[in-house]
Amino acid sequence: MGSLIVTDIGELVTADGSGVGEPALGLVHDAEIVVVGHEVVYAGPRGGGPRPADLPPPVAIDSVDGRLVSPGLCDPHTHPLWAGERTREFDLRNQGVRYAEIQRQGGGILATVRATTAASDEALIAGMRARLHRMLAQGVTRCEAKTGYGLLPAAELRLLDLLVQAAAGQPVSVSPTLLCHVPPPGLSPAERADLVAALAAILPEAKRRGAEALDVYCDEGAFTLAETEFLLRAGRAAGLRLRCHAEQFTHTGAAERAACLGATSVEHLEQIDPAGVVALARAGTVANLLPGAALTLRLPWPDARRLIDAGVRVALGTDLNPGTSLSESLPLMMTLACTQMGMSCAEAWLAVTIHAAHAVGSSGRLRAGARADIVVWDAEGYREVCQHFGVPLAQRVYIAGQLVWEAAPGPAR
Ligand SMILES: [Zn+2]
């Protein structure tokens, strides 16, 4: 067990402050972090931590030359396990072709279900690992990851097993979620009821196989509010955390209902109403806002300002998926949140650290006792990561005290 000192930090985001906005970022200037083994033992002003001679050897020193350092980012909403691609659908949609026509031409979620069903286990695992690596290069050290392109119970359990296998041994830690995505088309009412019952019945098995949460997609064309409530209750009984894709295209009341059922997070929320906002604030449910989907589909931007002002914990996710948000970049979501959704830079940082971490059951902070997930940024201050978009700014990423990713060296600053 060695030690690590990250020093000469120009600006340190600990995400361990108090209150809201910038004070909650717990900024420290001219700072250092001391790590022993996997854990932070000190994060604060330079010179305030234990001396190198008092640390377990060998002691590695990373002098970051005045750069910004933060906790590893957490992506609380991803769909990273799929095969196939939907680039033509992207192109058609941008030219004004309607979704029904895209589906008629073989696009949409069902295209991904077909390709994923046909793909080998090895290809699916390799695809997800490549996506996890791209997340890491964007400063992400932990993510939530959903199944959902199997639709039927046995197919969803297959994807859950592959998701757990793909995550094994990878630096980015993964919190698996079983997603009830959409019912297959053409079911009779009786077949649909059977499907919902069968999905509910596999939830204890999903928990045994590594699922930490259940997510249900409630919308027109997906599950109804009554089906969603039935599935969420079954998930709660199985000991899973609850999530709900809610109020994306149509207002269904799912966000309010999920909050009342104790959901950890609700997702999307473009169409949330005032009662839903109040319910989220009261229940402490995290609002996972997904600007990548709003950007791709040209939906109204989620109203982050209204949620934050009402006291709701707002997190940001990429919604990484092959159709409606093909991006592993959480920093890009921070830029969109600041420029389009009324969030301050400090709020965007809190959304990808402590609030996202709350949604996936981790800490998201840098303080004594925390796992040493640390990102060194090619930036001098936290606002720069929000403003400077479209290029990777993560310079080095440590997970549990180990250097797991480093950008190719550029010219000296
Ligand atoms: Zn999603």
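Please read these numbers as outputs of a predicted model, since none were measured by experiment.

What counts and what doesn't
- Residues numbered from 1 in each chain as written.
- Predicted model: local features only at pLDDT ≥ 70, side-chain atom pairs only at ≥ 80, totals over all residues.
- Buried ≥ 20, exposed ≤ 12 C-beta atoms within 10 Å, placed from the backbone.
- Helix = DSSP H or I, 4+ residues; strand = E, 2+ residues; numbered from the N terminus.
- Pairing = 2+ DSSP bridges.
- Right-handed = clockwise from strand over helix to strand, strands pointing away.
- Axes fitted to C-alpha atoms, helices over the stretch in contact; angles between N-to-C directions.
- Contact = placed C-beta atoms within 7 Å.
- Expected span 1.5 Å × (residues − 1).
- Domains from an automatic or database assignment.

Considering the pairing of strand β12 (residues 286-289)
The alternating pattern of β12 places V286 and N288 on one face and A287 and L289 on the opposite face, and all of these are buried. Taken together, the 3 bridges between strand β11 (residues 265-268) and β12 define a ladder with parallel strand orientation. When the sheet's bridge partners are listed, S265 is paired in β12 with V286. Following the chain from β11 across helix α11 (residues 274-283) to the adjacent parallel β12, one finds a crossover that is right-handed. Pairing of β12 with strand β13 (residues 314-316), which is carried by 3 bridges, proceeds in the parallel orientation. Among the inter-strand pairings, L289 is bridged to a residue of β13, identified as L316.

A closer look at the sheet that holds strand β8 (residues 173-180)
Within the open sheet, the 8 strands sit side by side as β6-β7-β8-β9-β10-β11-β12-β13. Their pairing is parallel. Edge positions in the open sheet fall to β6 (73-75) and β13, since each of these has one partner strand only. The sheet shows a mean angle of 25° between the axes of neighbouring strands, taken without regard to direction. Together, β6 and β13 form the strand contacts of helix α15 (residues 345-352), whose direction differs from that of β13 by roughly 75°.

So, helix α5 (residues 121-136)
Between its first and last C-alpha, α5 extends 23 Å over 16 residues, near the 22 Å set by a 1.5 Å rise per residue. Inspection of α5 places L124, G127, M128, R131, L132, M135 and L136 among the buried residues, and these make up the whole buried set. Those residues of α5 that are buried are in contact with β6, α4 (109-118), β7 (140-146), α6 (153-167), β15 (394-399) and β16 (402-406).

Considering the domain arrangement of the protein chain
Taken as a whole, the protein chain is organised into domain 1 (3-71 + 364-406) and domain 2 (74-359). Computed over C-alpha atoms only, the centres of domain 1 and domain 2 are separated by 30 Å. Listed by partner, the interface residues are 23 residues for domain 1 and 23 residues for domain 2. Secondary structure elements with two or more residues in the side of domain 1 that touches domain 2: α1 (22-25), α17 (382-387), β15 and β16. When residues in the side of domain 1 that touches domain 2 are grouped by element, the largest group, 4 residues, is from α17.

Describing α15
Since the α-helix packs 3.6 residues into each turn, any two residues three or four apart lie on the same face. A large share of α15 lies buried, amounting to 8 of its 8 residues. Taken as a whole, α15 has its buried residues at C345, A346, E347, A348, W349, L350, A351 and V352.

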